[in-house]
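Residues per chain, in single letters:
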Amino acid sequence: VNIATMIILLLSIIGFLNAFYLNWQHRREVKTGQKMYCLIGGDCGEVVGSKYGKTFGIKNEHIGMVYYALLGIYTLVGMFAQIANFEILVKIIAALAAIFSFYLLYIQTIVLKKFCSWCLIAIAINLLIFYLLRI
């Protein structure tokens, strides 16, 4: 097992927890009105609650949780067994996640002109995973 694999596993766990926390905060804000906490003082509620907070009707943080969970499971399984042609699929999905991350960064920067720290953390994680997979 190489260091990149261990880092990808760690990033998938952190990414899942980040997406889970973002989802929990947003649900709390919707139910109670308590504003979401943003590490950089941005407006996470405005970003997550915008029309760009969903893709094909699915909340982006739900997509993230599924992505990170599957990536983590694959990484764990890959540490102990080889799965034919599955690595290519993971690299393609990681590339799509990186492209989608650039799109969401564009939305925050140019369209909404508002930032969410948790979203920026997810973007950084996705780009780092993409890099570590050496696509």
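The structure this text deals with has already been given above.
So, here is what we can say about the structure in this document.

Reading the values: rules and limits
Residues numbered from 1 in each chain as written. Predicted model: local features only at pLDDT ≥ 70, side-chain atom pairs only at ≥ 80, totals over all residues. Heavy atoms only, no water. Helix = DSSP H or I, 4+ residues; strand = E, 2+ residues; numbered from the N terminus. Buried < 20%, exposed > 50% of the residue type's maximum accessible area, 1.4 Å probe, protein only. Contact = heavy atoms within 4.5 Å. Patch = residues over 30% accessible without salt bridge, like charges linked within 9 Å, V, L, I, M, F, W, Y side chains within 5 Å. Areas by Shrake-Rupley, 256 points an atom, 1.4 Å probe, with all protein chains shown as cover. Salt bridge = Lys/Arg side-chain N within 4 Å of Asp/Glu carboxyl O. Phe/Tyr/Trp six-rings, centres within 6.5 Å; stacked < 30°, edge-to-face > 60°.

Despite not being glycine, Phe 56 shows a phi value in the positive range, around 55°. By the secondary structure assignment, Phe 56 is in the loop between strand S1 (54-55) and strand S2 (58-59). The backbone of Lys 113 sits at a positive phi, close to 55°, despite the residue not being glycine. Mapped onto the elements of the fold, Lys 113 is located in the loop between helix H4 (86-112) and helix H5 (117-132).

Here we take up the side chain of Ser 101. On the secondary structure map, Ser 101 appears in helix H4. Looking at Ser 101, the relative accessible area reads 2%, which means it is buried.

A separate point is the environment of Trp 118. By secondary structure assignment, the location of Trp 118 is in helix H5. Taking relative accessible area as the criterion, Trp 118 reaches 12% and is therefore assigned buried. Spatially, the C-alpha atoms of Trp 118 and Val 48 are 9.8 Å apart, while their sequence positions differ by 70 residues. Those residues within four positions of Trp 118 in sequence are excluded, and the remaining contacts are Asn 18, Tyr 21, Leu 22, Gln 25, Tyr 37, Cys 38, Leu 39 and Cys 44.

As a further point, take a nonpolar patch on the surface. Taken together, Val 66, Leu 70, Ile 73, Val 77, Ile 83, Phe 86, Leu 89 and Ile 93 make up a surface patch of nonpolar side chains, about 650 Å² in accessible area. Of all the elements in the fold, those that place two or more residues in the nonpolar patch are helix H3 (60-80) and H4. Examining the composition of the nonpolar patch, we find that 4 residues originate from one element, H3, more than from any other. Here Ile 93 shows up in helix H4.

We now examine the environment of Leu 10. Relative to the helices and strands, Leu 10 resides in helix H1 (residues 3-32). As a C-alpha pair, Leu 10 and Tyr 21 span 11 residues in sequence and 16 Å in three-dimensional space.

Turning our attention to the environment of Ala 95. Tracing the chain through its elements places Ala 95 in helix H4. The spacing of Ala 95 and His 26 is 69 residues in sequence and 27 Å in space, taken between C-alpha atoms.

Attention now goes to the packing of aromatic side chains. Here the structure, examined in full by the defined rule, presents 5 aromatic pairs. Residues Phe 16 and Phe 20 carry aromatic rings whose centres are separated by 6.4 Å and whose planes lie at 20° to one another, so their mutual orientation is stacked. Here the residue Phe 16 and the residue Phe 20 both occupy positions in helix H1, the gap between them amounting to 4 residues, near one helical turn. On the accessibility criterion, Phe 16 (30% relative accessible area) is partly exposed. Ring centres of Tyr 21 and Trp 24 lie 5.8 Å apart, and the angle between their planes is 25°; this geometry places the pair in the stacked category.

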